[in-house]
Amino acid sequence: MLPVRKQQKLKKELGLFSVYAIATGTTLSAGFFLLPGIAASQAGPAMVLAYMLAAIPLIPAMFSIVELCTAMPKAGGVYYFLDRSLGPLFGTIGGMGTWLALILKVSFALMGMGYYLALFIPEIGEGHIRTLAVILALAIGVLNLFGSKKSGRMQIYLVFFLLALLAGFIGVGLPSINPVHFDGFFGAGFDSIISTAGLVYISYVGVTTVTSLSEEVRDPEKNLPRGVFLSLLTALVVYGLGTAIMVGVLPMAQLAATMTPVADATAVFFSKPGLYIMSFAAVLAFTSVANAGTMSASRYPLALSRDSLLPSAFSHLRDGVPVLSILVTVGSIVMILLFLDPLRIAKLASAFQLLMFALICFTVIVMRESGLDSYDPGYRSPFYPWMQLVGIFAPLWFIVEMGWLPTLFTVGLIFVGTLWYRSYARLKVQRSGAIFHIFARLGRLSQQGLDYELREIMKEKGLRQKDPFDQIIASSYVVNLAERTTFEVAVEVVSEWFADRIGHSPTEIGEQFLEGTRVGATPVARGVALPHFRTEGIEYAHLAIVRAPRGLKIDVPHPLQPGAHTSQLVQAVFFLISPEDNPALHLRLLAQIAGLVENEGFAEIWQRTSNEQEIKELLLRDENCLSMILDSAGLTARLIGRTLDQINLPQGSLVALLRRGNDMMVPRSNTLLLENDRMTIIGEPEAIHQLRREYLSVKEGRPVED
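Residues numbered from 1 in each chain as written. Predicted model: local features only at pLDDT ≥ 70, side-chain atom pairs only at ≥ 80, totals over all residues. Heavy atoms only, no water.

## Let's talk about the sheet that holds strand β10 (residues 663-665)
As summarised here, the arrangement of the four strands in space is β8-β11-β9-β10, forming an open sheet in which the pairing is antiparallel. Two strands lie at the open edges of the sheet, namely β8 (625-629) and β10, each paired on one side alone. Within the sheet, the average angular offset between the axes of one strand and its neighbour, ignoring direction, is 20°. Inspection of the sheet shows strand β9 (residues 653-660) paired to β10 by three bridges, in the antiparallel sense. (Pairing = 2+ DSSP bridges. Helix = DSSP H or I, 4+ residues; strand = E, 2+ residues; numbered from the N terminus. Axes fitted to C-alpha atoms, helices over the stretch in contact; angles between N-to-C directions.)

## Observations concerning the pattern of salt bridges
One pass over the structure, following the stated rule, counts nine salt bridges. Measuring nitrogen to oxygen at the nearest pair gives 2.5 Å for the salt bridge that ties R518 to E511. Take E511: its relative accessible area is 41%, and that puts it in the partly exposed class. For R660, the salt bridge identified is with D677, shortest N-O distance 2.7 Å. Taken together, the positions of R660 in strand β9 and D677 in the loop between β10 and β11 (678-683) put the pair 17 residues apart, joining distant regions of the chain. For R660, a relative accessible area of 25% puts it in the partly exposed group. Salt bridges here are not isolated pairs; linked through shared partners, they connect E511, E515 and R518. (Salt bridge = Lys/Arg side-chain N within 4 Å of Asp/Glu carboxyl O. Buried < 20%, exposed > 50% of the residue type's maximum accessible area, 1.4 Å probe, protein only.)

## With respect to the confidence of the model for the protein chain
Chain-level pLDDT for the protein chain is 79 on average; 85% of the residues reach the 70-or-more range. The low-confidence segment residues 432-446, where pLDDT is below 50, has 36 contacts with residues more than four positions distant or belonging to other chains. (pLDDT = per-residue confidence, 0-100. Contact = heavy atoms within 4.5 Å.)

## Topic: the pairing of β11
Where burial is concerned, most of β11 is hidden: six out of the six residues are buried. Bridge count for β8 against β11 is five bridges, and the pairing is antiparallel. When the bridges of β11 are listed, C625 appears paired with I682. Note that β9 and β11 share six bridges and pair antiparallel. Within the sheet, the bridge partner assigned to V655 lies in β11 and is I681.

If you want it as structure tokens, here you go:
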């Protein structure tokens, strides 16, 4: 077994606006400000249709990527998904190829910026355009070294200012369209339209590149789908209306020959000042895509290195920033700018992205059919598997229509990735993809490592907003065992309680817990055990908590001697029984408990707890829980002498626990509140925040909240 390297975690600093800004910023750049002229030279007025057709193979890929990144929000995006589903060979090809495609896109954008800058300074020649592009690439690299939060914040400012300018362009440009310019719409032929769609497909790729940053997104199950879908909608509106304006106001000969189509179109209905305004918008767009593209691309070497597919130096973080990965990415961009022509090879990058998105759609099929309970996406693609089948075959058709050179480039990248894997990485990795779980269902092969990794990801993601974890904790059964005893004694105690709630006998329940422990299904670590099982016939999950400060002896399978057992001493046991038909919720509940007990200082605080309420409050999520002591000298004084049904609690909150002296009370609507009562309220974060503002006070230098 190879040694496992402890991974450093990236900081979660990106919210919904950052996700939207990064996705939109890498989309509305060269595809809008530079490519329309090239597209018009191939497809004529039908280049408007080509832009719309180009989105077709993206839509299945977008739905598939969103599903995958809400299940596996890890750095590396496409690479990580391919590696964990199809195996490290495909991961290597996808990771290295997508990284190259992204830096080509960034280089393309930086060169395009030079053409618009030349409108301000006509003396700028080809050499100076490259020099300016190199300088900006270096400046963006420096910005990225300060972390995703700062570069993400700049991205928000860039994108929203850009959208404001584009709204003005569309609003004034639409009335200026001359329908005569659309005569002979299909004159270039359908094959040319499809080929052009393949060329401009790279315009939309930015919508999904943000997934390579998913590990750095707060609440990825909510923010990633919303940000990506909003970005695609924005791109479709801007590309559809914007290209129609360009065709409608410029003679086709002029449009097909220009490298600054937006500025030329603006000059028609806005005259000279408008030309400069939209040229400035173009500079903002190119800066935006270069910044977001550099951020996204730099996460691919990081992810490959984490999995031993690149040297370990790429996975080292400094203050949460992959410094070497950023430096190599920026250095590669500079080399391309200096020695290649990014404008000529954009089509090649587009072809490889098409292949990757076809594989991503196949990945969703593999993950769903693998039967892994731990594959638990927060968003599921609609119309499965038909959506994915379209997403597999449509890109392949586009690649063929694009011609032999893009196809050859794609084959070349596959060859280079395969060669690297065979010569460097093959002996350094010991894992397979989820596709082998499909084989397991056919009786061939299983790979347990991925299931374990997905469970670890579930722990990192945490619970979903509607998961009833706090309610389960509040209604749980707590047992304090003062003397040292055995696991069997604890099982006997809690089985009686469970029997009254799930319709099985105490003997049946106890045997399930004991059997799970005998076969190694009970996680035991850090002085904590989590016996668990699922059963039919129950609607809700139930939890029993055993606190054993003097220790509880539990026998578990010996890790090195098959068939033998070893004894461990634990101080906490969490018995969980969940409905059979919801395995994902069961795993999320287990992952949440496991994450809590792994927190630094948990064991020490657990030993200090003295009663049921303190035990439950330790497990409740801070943002969903508020505990306060009623004090006649504080803001809680207004609650004293009132019954619970007379308290105006915010919607979405309730009193879950009430302790009076040494007694735990069942909170009821007619329960009268007295001074020094300790009240625990659970609810939605917004409701808890409102209660904190209303009742949290200071008395004698310390908060009333205890």
